[in-house]
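Close look at the chain arrangement
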Amino acid sequence: MNTIGIDAGGTLTKIAYTDGNNELQVRHYPSNDLAQVAAFINAHPEIQILGMTGGRAEQLNLLLNDSLTRHSLVEFEATFRGVNYQLKRQEGGLERCIVANIGSGTSIHYKNGEAYTRVSGTGIGGGTLVGLSALMTGEYDYHEISSLAATGQRKNIDLMVADIFEGMEVPAPLDPDLTASNFGKVGLKPPQDYVKADILATTMGLVGEVVSTLSIQLAEQYQVEHIVYIGTTLDHNTKLRDVITSYTKLKKKTAVFLGDEGFSGAIGALLYAKEQVSCV
Ligand SMILES: Nc1ncnc2c1ncn2[C@@H]1O[C@H](COP(=O)(O)OP(=O)(O)OP(=O)(O)O)[C@@H](O)[C@H]1O
Ligand SMILES: [Mg+2]
């Protein structure tokens, strides 16, 4: 492990490297404690070359030993390299697709062969998920939030199209099973206590539906079938994956998950650093 890739994001700093068996290894640290990342690097003197990307890379740089060789690249290029590598490993590659990176916020790209363009984004992302969840339920821990959400129900909180018609036939082209208003039932009923898991499941619904709606519109605009969803917000998050998968499928597009999907940027930075070394 003399070369590692680092993606220092707004919330998490991701690290990727290959071990002695040439297996990819990944790990992450909170970006509000970059000293932990520096400690990991300092504890491994065999690390000499760093590929670096992400909004907090410069801050991390200040904590690192001058003797390390750095190769920096912008985040979208690192993500593109990582996604390409992961896609080839898994699907044999995709020529054209939409890539939605659900990080602290969400950034959406269009990949056309070797061209990669940022086409949209929204502030609704993983930060929103944890922020709203914490404000509404007092749960701050991401893993607690995602595992509780997996057991929750949305039907007491979301207003569905079918609810608006209250048993009457829903006229085309409306779909009774679609969400008419995320959290929309709450304001229509007398105040009551809601189950924590249900609030968290509904928050996953809100974030997942906003991100997939935007991504699907772009897939329609660019006439592609596949939407690759990445970002650590998907990590161990069955509820969010289910929301995204089913909504994307309903709109006749295919959701693709890569495995290690939070690490595309770090993997891209690792590949870039290795390439720079082999060019010398
Ligand atoms: N262990 C964890 N601690 C905190 N958040 C986590 C954890 N695991 C998953 N998450 C989720 O992942 C989100 C961060 O995703 P990601 O690491 O892709 O973003 P980032 O790269 O830090 O942000 P950005 O790319 O917007 O700068 C968090 O907002 C949270 O929803
Ligand atoms: Mg990121």
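The structure reproduced in this document is the subject of the present report.

Here is what the cut-offs are and how they apply
Residues numbered from 1 in each chain as written. Chains lettered and ligands numbered in written order. Predicted model: local features only at pLDDT ≥ 70, side-chain atom pairs only at ≥ 80, totals over all residues. Heavy atoms only, no water. Near = heavy atom within 4 Å. Polar contact = N/O pair within 3.5 Å; in protein donor to acceptor, adjacent residues only side chain to side chain. Areas by Shrake-Rupley, 256 points an atom, 1.4 Å probe, with all protein chains shown as cover. 1 Å grid on protein atoms, 1.4 Å probe; cavity = no way out; pocket = protein on both sides within 12 Å on 5 of 7 lines; lining within 4 Å. Sits in = over half its atoms within 2 Å of the grid points. Core = buried A, V, L, I, M, F, W, Y, C linked by side-chain atoms within 4.5 Å. Buried < 20%, exposed > 50% of the residue type's maximum accessible area, 1.4 Å probe, protein only. Helix = DSSP H or I, 4+ residues; strand = E, 2+ residues; numbered from the N terminus. Contact = heavy atoms within 4.5 Å. Pairing = 2+ DSSP bridges.

**Remarks on the site of ligand 1**
The environment of ligand 1 is formed by 19 residues, the closest being Gly 10, Thr 11, Lys 14, Ser 104 and Thr 232. Here an oxygen atom of ligand 1 and a side-chain polar atom of Glu 75 are 3.4 Å apart. Residue Thr 233 places a main-chain N or O atom 3.4 Å away from an oxygen atom belonging to ligand 1. Considered on its own, ligand 1 offers 640 Å² of accessible surface; in the complex 84% of this is hidden by protein. Of the pockets mapped on this structure, ligand 1 occupies the largest pocket.

**Looking at the nonpolar core**
Core analysis: the largest hydrophobic core is formed by 23 residues, its most contacted members being Ile 98, Tyr 229, Leu 234 and Ile 244. Listing elements by their share of this core, those giving two or more residues are β6 (96-102), β7 (106-112), α5 (142-149), α7 (196-221), β11 (226-230) and α8 (238-250). A per-element tally of this core places α7 first, with 7 residues. In this structure Tyr 229 touches Ala 100, Ile 102, Val 211, Ser 212, Ser 215, Leu 234, Ile 244, Thr 248, Ala 255, Val 256, Phe 257 and Glu 261, once residues within four positions along its chain are discounted. Counting 17 residues, the second-largest nonpolar core is a separate cluster that includes Tyr 17, Tyr 29, Ile 47 and Leu 64.

**Overview of the pairing of strand β1 (residues 3-8)**
In terms of burial, β1 is largely enclosed, as 6 of its 6 residues are buried. A two-sided burial pattern is seen for β1, the buried positions comprising Thr 3, Gly 5 and Asp 7 on one face and Ile 4, Ile 6 and Ala 8 on the other. When β1 meets strand β4 (residues 49-53), the two strands line up parallel, connected through 5 bridges. Each bridged residue has a counterpart across the sheet, and for Ile 4 the counterpart in β4 is Leu 50. Here 4 bridges tie β1 to strand β2 (residues 12-18), and the two strands are oriented antiparallel to one another. What sits directly across from Ile 6, in β2, is Ile 15.

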